[in-house]
Amino acid sequence: MANKSIREVMTSNPCSIDADKSVAYAAKMMKEEDVGFAPIVEGDRLVGTVTDRDIAVKVVAEGRDPESTKVREIASTDLVTIDPQQDLDEALRLMARNKGRRLPVIEEDGKLVGVLAQADVAQEASAEETGRVVEEISES
């Protein structure tokens, strides 16, 4: 598995959302694309991420207006990312350490080039490796 790079298994051209778009726009896009996670960008540079849970907890549960709330206001900006040249073993370690199911893939200049999901890695990794990582991610 270690000889495959992130670039070979990541989802290229992920559905990203401009930081100035509304949360309502983000929710509609996530529904249309059937995703629960989206990278937030300024131009082509990654500035954050947003999940369907972020929308539920930070907007809906707090009674905020999804039309006037910008995604940049609720985006997670403490990001764990990976370079497309790194290998899948490193991706598994990052996912396990940070309890994340998805990693934005960015070039050295900060340009978003893809997203690596736990499912992408699972297709390439052994069942044993995948099981270990899923277990570590799921522990509270």
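Within any chain, residue numbers begin from 1 and follow the written order of that chain's sequence. Since the coordinates come from a predicted model, pLDDT governs what is reported: local features require at least 70, and pairs of side-chain atoms require 80 or more to be given and counted, while whole-chain, interface and lining totals use all residues. Each side-chain value is derived from all of the structure's non-hydrogen atoms; neither hydrogens nor water enter the calculation.

What follows deals with unusual backbone geometry. At Asp34, a residue that is not glycine, the phi angle is positive and equals roughly 55 degrees. Helix and strand definitions here come from DSSP, where helices need a minimum of 4 consecutive H or I residues and strands a minimum of 2 consecutive E residues; each element is numbered from the N-terminal end. Turning to its location among the elements, Asp34 is positioned in the loop between α2 (23-33) and β3 (37-42). At Lys99, a residue that is not glycine, the phi angle is positive and equals roughly 50 degrees. Tracing the backbone shows Lys99 in the loop between α5 (88-98) and β5 (102-106).

Before going further, it helps to spend a moment on the pairing of strand β6 (residues 112-117). Think of it in three bands: with a 1.4 Å probe and only protein chains considered, a residue is buried below 20% of the maximum accessible area for its type, exposed above 50%, and partly exposed in between. Judged by how many residues are buried, β6 sits mostly within the fold: five of six residues are covered. In this structure, β5 lies alongside β6, joined through five bridges in antiparallel fashion. Note that in β6 the partner of Ile106 across the bridge is Leu112. A pair of strands is treated as paired once DSSP finds two or more bridges between them. If you look at the hairpin formed by β5 and β6, you'll find five residues sitting between the two strands, and Gly110 has a positive phi there, around 90 degrees.

When α5 is considered as a whole, its buried residues turn out to be Leu88, Glu90, Ala91, Leu92, Leu94, Met95 and Ala96. Where α5 begins, the side chain of Asp87 points an oxygen toward the backbone nitrogen of Asp89, at a separation of 3.1 Å. Throughout this description, a polar contact denotes any pair of N or O atoms lying within 3.5 Å of each other; where both atoms belong to protein, one of them has to be capable of donating a hydrogen while the other can accept it, and for residues adjacent in sequence the pair is counted only when both atoms sit in side chains.

Basic side-chain nitrogens of Lys or Arg form a salt bridge, by our definition, when they fall within 4 Å of a carboxyl oxygen of Asp or Glu. Applying the stated rule across the entire model yields seven salt bridges. The shortest N-O distance in the salt bridge between Glu67 and Lys28 comes to 3.8 Å. Here Glu67, found in the loop between α3 (52-60) and α4 (71-74), pairs with Lys28, found in helix α2; they are 39 residues apart in sequence, far enough to count as distant. Residues Glu90 and Arg93 are paired through a salt bridge, measuring 2.9 Å at the closest nitrogen-oxygen approach. Of this pair, Glu90 and Arg93 both sit in helix α5, three residues apart, roughly one helical turn. Where salt bridges share partners, they join Asp20, Glu42 and Arg72 into one cluster.

The values are spatial; any link to function lies outside them.
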